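Structural description and commentary
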Amino acid sequence: MNYCGGKIGGGGSDQRGNGGGGPCGACKFLRRKCIKGCIFAPYFDSDQGTVHFAAVHKVFGASNASKLLMRIPAHKRLDAVVTLCYEALARARDPVYGCVAHIFALQQQGVLQFNYLSFTNQVLMRNFGNNG
Ligand SMILES: [Zn+2]
């Protein structure tokens, strides 16, 4: 899934990824000049990236997001940006639970599937267990 605009999947480069055009999505949102080596440029394009960065900025703050990315090795930043966007967009949709709502739902599904598996095993044992 693509949570951060066109840059996701393009590989993490430390150069400006916008082909020398306008500012990246983050700088466009922040109305600032996008400098060479902008930490956000490889991950937020000037189109969809602006929308996703707006969510990241609202939940985490641009400065915190920037500091967080600086602390992470460059080859892992793409994954970090994807999860930041996912968490921020989930928080925008559900201010109370954020992405935890999704985790709870998946946990519930896991419990249901485990119970169904146990039931299926019991039925199999009852019907075929003594014929071996
Ligand atoms: Zn930028």
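Everything that follows concerns the structure shown earlier in this document.
Scoring rules and cut-offs
Residues numbered from 1 in each chain as written. Predicted model: local features only at pLDDT ≥ 70, side-chain atom pairs only at ≥ 80, totals over all residues. Helix = DSSP H or I, 4+ residues; strand = E, 2+ residues; numbered from the N terminus. Buried ≥ 20, exposed ≤ 12 C-beta atoms within 10 Å, placed from the backbone. Axes fitted to C-alpha atoms, helices over the stretch in contact; angles between N-to-C directions. Parallel < 35°, antiparallel > 145°, perpendicular 65-115°, else oblique. Contact = placed C-beta atoms within 7 Å. Nonpolar A, V, L, I, M, F, W, Y, C, P; charged D, E, K, R; others polar.

Concerning unusual backbone geometry
The phi dihedral of arginine 31 falls on the positive side, at around 55 degrees, and the residue is not glycine. Here arginine 31 shows up in the loop between helix H1 (25-30) and helix H2 (48-60). On the basis of neighbour count, arginine 31 is assigned to the exposed category, with 7 C-beta atoms found within 10 Å.

Describing the packing of H2 against helix H4 (residues 74-93)
Axis separation between H2 and H4 bottoms out at 8 Å; the angle between their running directions is 75 degrees. One finds that H2 runs roughly perpendicular with respect to H4. Contact residues: H2 offers His52, Ala55, Val56, Lys58, Val59 and Phe60, while H4 offers Leu84, Cys85, Glu87, Ala88, Leu89, Arg91 and Ala92. Of the residues belonging to the contact of H2 with H4, the class tally is nine nonpolar, one polar and three charged.

All we've got here are geometric facts, nothing functional implied.
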